[in-house]
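In case you want the letters, here they are:
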Amino acid sequence: MKHDFYLFNTAGRVKELFRAAHNEVGMYCCGPTVYNYAHIGNLRTYIFEDVLKRTLQALGYKVRHVVNITDVGHLTSDEDSGDDKMEKGAIREGKSVWDIAAFYTKRFQDDLKALNITDPTRWPKATAHIDQMISMISDLERKGFTYRTNDGIYFDTTRFPSYCDFAGLDPETLRAGERVEMGEKRAVTDFALWKFSPSDKKRQMEWESPWGVGFPGWHIECSAMSAEYLPLPIDIHCGGADHIRVHHTNEIAQSEAASGKKFVNYWVHGEFLVIDKGKMAKSGENFVTLEVLKKKGFSALSYRMFCYTAHYRNPLSFSWDSLSAAENALVNLRKAVPQQDSSEHVENDVIETILTPFFNAVCDDLNMPRAMAALWDILKNGSLSLMQKRVAAERADTILGLDLTQRAADAYTYSSDDEKRIVVYSLRELDTGVCDGIFEKVRLRRAARANKDFAGADRLRNELVNLGLTVKDLPDGTTEITFSS
Ligand code: AMP
Ligand code: ZN
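Engineer: I would appreciate a short explanation of the overall build of the protein chain in the present structure.
Structural biologist: When helices and strands are tallied, the protein chain shows 17 helices and 17 strands. With 485 residues in all, the protein chain has 54% of them scored as buried. Accessible area for the protein chain stands at about 21,400 Å²; split by element, carbon and sulfur atoms hold 49% of it.

Below you can see the structure in the form of structure tokens.
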């Protein structure tokens, strides 16, 4: 498919035409620190990154996608103070750091699956790449970019003159910050490449190095792992907007100082999910996980749909009401996709023309609110055939990842004795035996209501809810059952 693809590049702060530097587009996304569940704010970032990757693939690019797992070295402040989040998580749960890392990595990957986020080409773990980090720090040392303090090896940012450019930092303001206690660090922007293990307590994760026993700094992890799996310059590097000022600024300094080459061509950052006007943070109280969302009866894909209500570079405010509205919109969208009808052949050119407004929106820096409106226009367009609409929706869904057609095909409709429909969505989650039981309960519930046995009707509804189902009574008498996957 031919389309110019424009992306807003944080470096330079303008929308730019995307041009790949390599046959296979290299895409690096900063992964989770696996000391706790991912919250739905983190997941918003991975959803927008998935849309970006799917768009590249729809445009015909091969993508080599790397998402790291930070399982050591991320301190409670993004700078160089505080505890290691992983070691803190282990104490909180009374488990080993390794168990904590394995547990939350698996949970994170399960969340991504539920959200239809496609697997990256590589999932490198920081703890499996210590040698590469030591080797990069040694390079930096040889080139004169490091110095030693009593607690580690630091990157000397004064040796990297463009340090402030990427984030537009003001050196004056930074110098004012130098009054803050910073140990033997020479400049406030300098950061740890290697930290020594404390002499008074034993860490669970530590390694030998040319400088002493210790562990890597958080920033060197991404520089070393991206260099291991992607050629420079990396085409696209993504993350949340919080990473611009410190983490990505430091990644650029290390990677460019070590390699002498440009690190990244396009930097793409997503804005935060906010709740009650504050950023959703793993350390904060306003922390909602996908698990919580599912327990309240929402499907994971309703959250994906909700994320399309704002542009990825705008903050998105979370509320249960707006999630509910997104869930309804998703149910309606699936209903609007016509069922399969193999009798009509649909030409590819025709579909591409129909989808032009959709792709124009997606290729304009991933404008998903506009893309969703364009898809609705297609499904409501009276001059298109049912099959044209269905194939267009299928094609759009390769980017949206909302199971638009598969779900419609999964919808199992049953006309009951009273001629009112029962529609069960997402049958693939259930076996037929369970389904028959569901129809029976819906029938009994209807009978109970007809007999004004409201207590009995409520009891049957609860039995359905306890099976993990959401029950909705539509105005036309249809009972709609959704499996909350
Ligand atoms: P972490 O596991 O904290 O290192 O974060 C994983 C990813 O989620 C990073 O790209 C962060 O920038 C991003 N992130 C953190 N908080 C939020 C939020 N409230 N909304 C959107 N993205 C976030
Ligand atoms: Zn990173």
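There is more to say, and it comes next.
Engineer: Would you mind showing me how to read the sheet that holds strand E4 (residues 62-67) here?
Structural biologist: Strand pairing in a sheet is mediated by backbone hydrogen bonds. Such pairs are either parallel or antiparallel. One open sheet holds the four strands; their spatial order is E4-E3-E9-E10, and the pairing between them is parallel. Sheet topology places E4 and strand E10 (264-270) at the edges, where each strand pairs with a single neighbour. Between one strand axis and the next, the sheet turns by 20 degrees as a mean value, whatever way the strands run. Of the pairings in the sheet, the one linking strand E3 (residues 24-29) to E4 comprises six bridges and is parallel in character. Residue pairing in the sheet places Tyr28 in a bridge with Val66 of E4.

Engineer: Would you mind showing me how to read the pairing of strand E1 (residues 6-9) here?
Structural biologist: Remark: a regular strand shows side chains that alternate across the two faces of the sheet. Relative to strand E2 (residues 14-17), E1 is paired through four bridges, and the arrangement is antiparallel. When the sheet's bridge partners are listed, Phe8 is paired in E2 with Lys15. Between the antiparallel neighbours E1 and E2 lie four residues, among them Gly12 with a positive phi of about 100 degrees.

Engineer: Explain helix H7 (residues 244-259) to me, please; I cannot follow it from the model alone.
Structural biologist: At 3.6 residues per turn, the α-helix brings residues three or four places apart onto the same side. With 16 residues, H7 extends 21 Å between its outermost C-alpha atoms, agreeing within 8% with the 22 Å of an ideal straight helix rising 1.5 Å per residue. By the criterion of burial, H7 is predominantly enclosed, with 13 of the 16 residues buried. The positive-phi residue at the C-terminal boundary of H7 is Gly260, with phi of around 75 degrees.

Engineer: Looking at this structure, I do not really get the coordination of the zinc ion (ligand 2). What am I missing?
Structural biologist: Within the protein, Cys30 (SG), Cys222 (SG), His247 (NE2) and Glu251 (OE) serve as the donor atoms for the zinc ion (ligand 2), at 2.1 to 2.7 Å. Around the zinc ion (ligand 2), the four donor atoms sit at angles spanning 74 to 131 degrees, and that spread fits a shape best called irregular. Mapped onto the sequence, the donors of the zinc ion (ligand 2) take the spacing C-x191-C-x24-H-x3-E. One end of the pair, Cys30, is in the loop between E3 and helix H1 (40-58); the other, Cys222, is in helix H6 (residues 218-229), and 192 residues separate them in sequence. Residues Cys30 and Cys222 agree in their burial class; the two are buried.

Engineer: Just to check I follow, could you spell out the side chain of His237 for this structure?
Structural biologist: Inspection of the secondary structure assignment puts His237 in strand E9 (residues 234-240). His237 gets classed as buried once you look at its relative accessible area, which sits at 0%. A polar side-chain atom of His237 sits 2.7 Å from a polar atom in the side chain of Glu251. In this structure, His237 is in contact with Tyr28, Cys30, His248, Glu251, Phe263, Val264, Tyr266, Trp267 and Val268, ignoring residues within four places of it in sequence.

Engineer: Honestly, the nonpolar core in this entry has me stumped. Any pointers?
Structural biologist: Note that soluble globular proteins tend to have their nonpolar side chains buried in a common cluster. Formed by 77 residues in total, the largest nonpolar core has its most connected members in Leu52, Ile236, Tyr303, Phe358 and Leu400. In this structure, Cys30, Cys222, Leu230 and Val264 belong to the second largest nonpolar core, which totals 54 residues.

Engineer: Would you mind going over the sheet that holds strand E5 (residues 146-148) with me for this structure?
Structural biologist: Here we have four strands laid out as an open sheet, ordered E5-E6-E7-E8, and antiparallel in their pairing. Each edge of the open sheet is held by one strand with a lone partner, namely E5 and strand E8 (214-216). Looking at each pair of strands side by side, their axes are set apart by 25 degrees on average, direction ignored. When strand E7 (residues 191-196) meets E8, the two strands line up antiparallel, connected through three bridges.

Engineer: How should I be thinking about the packing of aromatic side chains in this particular structure?
Structural biologist: The geometry of an aromatic ring pair comes down to the distance between the two centres and the angle between the two planes. A full pass over the atoms with the stated rule returns 19 aromatic pairs. Here Phe18 and Tyr61 contribute two aromatic rings whose centre-to-centre distance is 5.5 Å and whose plane-to-plane angle is 80 degrees, an arrangement assigned as edge-to-face. Linking Phe18 in the loop between E2 and E3 with Tyr61 in the loop between H1 and E4, this pair joins segments that are 43 residues apart in sequence. Tyr61 gets classed as partly exposed once you look at its relative accessible area, which sits at 27%.

Engineer: Just checking my understanding: could you explain the pattern of salt bridges for this structure?
Structural biologist: It is possible for side chains of opposite charge to pair when their charged atoms get near one another. A full pass over the atoms with the stated rule returns 21 salt bridges. Close ionic contact of Lys15 with Asp364 constitutes a salt bridge, the shortest N to O distance being 2.7 Å. Residue Lys15 is found in strand E2, and its partner Asp364 is found in the loop between helix H12 (356-362) and helix H13 (368-380); the two are separated by 349 residues along the sequence. Here Asp110 ties to Arg107 by a salt bridge, and the two come within 3.8 Å at their closest N and O atoms. Residue Asp110 and its partner Arg107 are both found in helix H3 (residues 97-114); the two are separated by three residues, about one turn of the helix. Residue classification places Arg107 among the partly exposed positions, given a relative accessible area of 30%. The network of salt bridges with common partners includes Arg445, Arg449, Arg461 and Asp473.

Engineer: Looking at this structure, how should I read helix H10 (residues 320-336)?
Structural biologist: The terminal C-alpha atoms of H10 lie 24 Å apart, and with 17 residues this matches the ideal 24 Å at 1.5 Å per residue to within 8%. When H10 is considered as a whole, its buried residues turn out to be Leu323, Ala326, Glu327, Leu330, Val331, Leu333 and Arg334. With its buried residues spanning 160 degrees around the axis, H10 presents them on a single face.

Rules used throughout
- Residues numbered from 1 in each chain as written.
- Chains lettered and ligands numbered in written order.
- Predicted model: local features only at pLDDT ≥ 70, side-chain atom pairs only at ≥ 80, totals over all residues.
- Heavy atoms only, no water.
- Helix = DSSP H or I, 4+ residues; strand = E, 2+ residues; numbered from the N terminus.
- Buried < 20%, exposed > 50% of the residue type's maximum accessible area, 1.4 Å probe, protein only.
- Areas by Shrake-Rupley, 256 points an atom, 1.4 Å probe, with all protein chains shown as cover.
- Pairing = 2+ DSSP bridges.
- Axes fitted to C-alpha atoms, helices over the stretch in contact; angles between N-to-C directions.
- Expected span 1.5 Å × (residues − 1).
- Donors = N, O, S within 2.8 Å, 3.2 Å for Na, K, Ca; no water.
- Tetrahedral: all angles 85-135°; square planar, octahedral: opposite > 155°, others 65-115°.
- Polar contact = N/O pair within 3.5 Å; in protein donor to acceptor, adjacent residues only side chain to side chain.
- Contact = heavy atoms within 4.5 Å.
- Core = buried A, V, L, I, M, F, W, Y, C linked by side-chain atoms within 4.5 Å.
- Phe/Tyr/Trp six-rings, centres within 6.5 Å; stacked < 30°, edge-to-face > 60°.
- Salt bridge = Lys/Arg side-chain N within 4 Å of Asp/Glu carboxyl O.
- Arc of directions from axis to C-beta.

Without other data, these values stay purely geometric and don't point to any function.
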